Amino acid sequence: MSFSTTPARDFSLRLSLFFAALFVLCGVQLPFFPVWLDWCGLSPAEIGVVTAAPLFLRIVIGPVAAFLADRSGDRRQAIIIAAGCGLLAVLALSQSYGFLLIALFTAAFVVGSQTCLPIGEAVALSGVRGLGVDYGRMRLWGSLAFIAATFAGGTLVGTVGASSIIWMLVICSGGLLVSAWLLPAGDANEGRPITPGRRLLTPREVARVAGSGKFLLFVAAAGLVQASHAVFYAFGVLHWQAQGLSSTTIGVLWSLGVVAEILLFYSAGRFMTHIGPMGFIMAGAATAVVRWGLMAFDPPLALLFPLQVLHGLTFGATHIGAMHHIHAIVPQEQAGTAQALFAAATGGIGMGAATLLAGMLYGPFGGLSYLAMMVMGVIGLVAAVCTVRFYPTHKTDRP
């Protein structure tokens, strides 16, 4: 199946569809899956275990799966397998009763579906390298899909009830599998299918990249900035509700942040060659210092709107800078593994630890706990500056 007569456009459309399908699933799962677990009769403590367990499993399973995909040279097949496992798991979950079975199949479903993301990011960045496509304009379809899924899912749950959530997840998982089948079958750098007979990637080569000072400093920089969102993600809505904001106003504020992220993804390509990936990460870190520093003092509603626009930098600029930096410093044959290691370090270890910290701080300090997030932004900015100072990226390495 071909979407376009030009290889670059064909590649972009296929990856845009993949990101849209993946984030439609996320847009249903993240806000509504706990509601389904509650409908199933799980206690709050059991819901916490069920939702947290896959995060820790991803720390190990994600990098291993990505390494095997890089080693085989066929990332599309790896994504198809992961998406297929996720679909089978959520189908089994729809027929499961009791804490143990629900926990087991939830872990398989979340790990399977979320393993698709770092490997898919590596596929997308191979197109940046080989075809000159714009990563941000492919990735923005994921953010658009997330907004649409959240609003549509909320409407359906309000109309039909919580029982509909699991079937939305089944349908979305099927869509993800279809989008995986439509991914490009070949290496965008070579313009031909990947041959399995090439030299195999070894764990020693991966360890050399993952253990290098350049990679570790970069992970610290981008990871700390992303983890600095922990208080906002875990308690932002609760804090706004305590301040008397209506659900409609809170929804508008959240949507505004995602819209800013989409605009950043759309326009980032034209600035990448001027400031470079680390410039984006430094911008995200500096903005995090300002954003969380002001949020700590319960700003009035009029100020919350521009502060939410800053989400385009604190999350969007940091994310797109991280993806391009991995593309610039990591060999193409190790890209999927590097993406998964980065995701495990930031989305698993970093965000998990920051969320635990947020939980300890928010109870006694309320909104002042954002000051801890501001400190994380400061440290992330220092790490980004050190990365540029000690490990400059050459112009020939730029995306």
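Below is a summary of the structure that appears in this document.

Definitions and cut-offs
- Residues numbered from 1 in each chain as written.
- Predicted model: local features only at pLDDT ≥ 70, side-chain atom pairs only at ≥ 80, totals over all residues.
- Heavy atoms only, no water.
- Helix = DSSP H or I, 4+ residues; strand = E, 2+ residues; numbered from the N terminus.
- Rg over C-alpha atoms; globule rule 2.2 N^0.38 Å.
- Contact = heavy atoms within 4.5 Å.
- Areas by Shrake-Rupley, 256 points an atom, 1.4 Å probe, with all protein chains shown as cover.
- Lys, Arg positive; Asp, Glu negative; His and termini not counted.
- Charge placed at Lys NZ, Arg CZ, Asp CG, Glu CD.
- Expected span 1.5 Å × (residues − 1).
- Buried < 20%, exposed > 50% of the residue type's maximum accessible area, 1.4 Å probe, protein only.
- Polar contact = N/O pair within 3.5 Å; in protein donor to acceptor, adjacent residues only side chain to side chain.
- Arc of directions from axis to C-beta.
- 1 Å grid on protein atoms, 1.4 Å probe; cavity = no way out; pocket = protein on both sides within 12 Å on 5 of 7 lines; lining within 4 Å.
- Points joined across faces, edges and corners; volume = space filled by probe spheres on them.
- Nonpolar A, V, L, I, M, F, W, Y, C, P; charged D, E, K, R; others polar.
- Core = buried A, V, L, I, M, F, W, Y, C linked by side-chain atoms within 4.5 Å.
- Patch = residues over 30% accessible without salt bridge, like charges linked within 9 Å, V, L, I, M, F, W, Y side chains within 5 Å.
- Salt bridge = Lys/Arg side-chain N within 4 Å of Asp/Glu carboxyl O.
- Disulfide = S-S within 2.5 Å.

**Some words on the overall build of the protein**
Thinking step 1. Assigned secondary structure in the protein consists of 14 helices and two strands.
Thinking step 2. Its C-alpha atoms give the protein a radius of gyration of 20 Å, within 12% of the compact-globule value 21 Å for 399 residues.
Thinking step 3. Oriented by its inertia axes, the alpha-carbon framework of the protein measures out at about 60 × 50 × 40 Å.
Thinking step 4. In the protein, the share of contacts with a sequence separation of at least 24, taken over all contacts with a separation of at least 6, comes to 83%.
Thinking step 5. In the structure as shown, the protein presents an accessible area of about 17100 Å², 72% of it carried by carbon and sulfur atoms.
Thinking step 6. Here the protein carries 20 positive and 14 negative side-chain charges, and the mean point of each set is 8 Å from the other.

**Concerning helix H5 (residues 135-160)**
Thinking step 1. The terminal C-alpha atoms of H5, which comprises 26 residues, lie 37 Å apart, in line with the 38 Å expected from a rise of 1.5 Å per residue.
Thinking step 2. Here H5 has its buried residues at Tyr135, Gly136, Met138, Arg139, Leu140, Gly142, Ser143, Ala145, Ile147, Ala149, Gly153 and Val157.
Thinking step 3. The secondary structure elements touched by the buried residues of H5 are helix H1 (7-39), helix H4 (99-131), helix H6 (164-181), helix H10 (247-295) and helix H12 (311-329).
Thinking step 4. Where H5 starts, the residue carrying a side-chain oxygen 3.0 Å from the main-chain nitrogen of glycine 136 turns out to be aspartate 134.
Thinking step 5. At the C-terminal side of H5, glycine 161 shows a positive phi close to 115 degrees.

**What about helix H14 (residues 370-390)?**
Owing to its 3.6 residues per turn, the α-helix aligns residues three or four sequence positions apart on the same side.
Thinking step 1. In a regular helix each residue adds 1.5 Å, so 21 residues correspond to 30 Å; H14 covers 30 Å between its end C-alpha atoms and thus fits that length.
Thinking step 2. Restricting attention to buried positions, one finds in H14 the residues Tyr370, Ala372, Met373, Met376, Gly377, Gly380, Ala383, Ala384 and Thr387. Buried residues of H14 fall within an arc of 150 degrees about the axis and therefore sit on the same side. Set apart from the buried face of H14 by more than 90 degrees, the exposed residues are Arg389 and Phe390.
Thinking step 3. At its buried positions, H14 is contacted by helix H8 (213-227), helix H9 (230-242), H10, H12 and helix H13 (335-365).

**Quick look at empty space enclosed by the protein**
Thinking step 1. One pass over the full model with this rule turns up three cavities of 30 Å³ or more.
Thinking step 2. Taken as a whole, the second largest cavity spans an internal volume of roughly 60 Å³.
Thinking step 3. Arg58, Gly62, Pro63, Gln114, Thr115, Pro118, Ala340, Ala343 and Ala344 are the residues that line the second largest cavity.
Thinking step 4. Split into classes, the residues belonging to the lining of the second largest cavity amount to five nonpolar, three polar and one charged.

**Digging into the nonpolar core**
Thinking step 1. Among the nonpolar cores identified, the biggest contains 83 residues, and Leu15, Phe18, Phe19, Leu169 and Phe218 are the most heavily contacted of them.
Thinking step 2. Residue contributions to this core peak at 13 residues, all from H1.
Thinking step 3. Phenylalanine 218 has contacts with Gly223, Met278, Ile281, Ala322, His325, Ile326, Phe342 and Thr387, leaving out every residue within four places of it along the chain.
Thinking step 4. Of all hydrophobic cores here, the second largest spans 26 residues; its members include Ala288, Ala296, Tyr362 and Met373.

**Here we look at a nonpolar patch on the surface**
Thinking step 1. On the surface, Leu57, Val60, Ile61, Val64 and Leu68 cluster together into a nonpolar patch covering about 420 Å² of accessible area.
Thinking step 2. With respect to the helices and strands, leucine 68 occurs in helix H2 (residues 44-72).

**Re the state of the cysteines**
Thinking step 1. Considering all chains together, one arrives at zero disulfides under this definition.
Thinking step 2. Cysteine cysteine 40 remains unbridged, with the sulfur of cysteine 172 as its closest cysteine sulfur at 17 Å.
Thinking step 3. For the unlinked cysteine cysteine 116, the closest cysteine sulfur is that of cysteine 85, found at 9.2 Å.

**Some thoughts on unusual backbone geometry**
Thinking step 1. Although it is not a glycine, aspartate 298 adopts a positive phi angle of roughly 45 degrees.
Thinking step 2. Locating aspartate 298 in the fold gives a position in the loop between H10 and helix H11 (301-309).
Thinking step 3. Its relative accessible area of 39% is what places aspartate 298 among the partly exposed residues.

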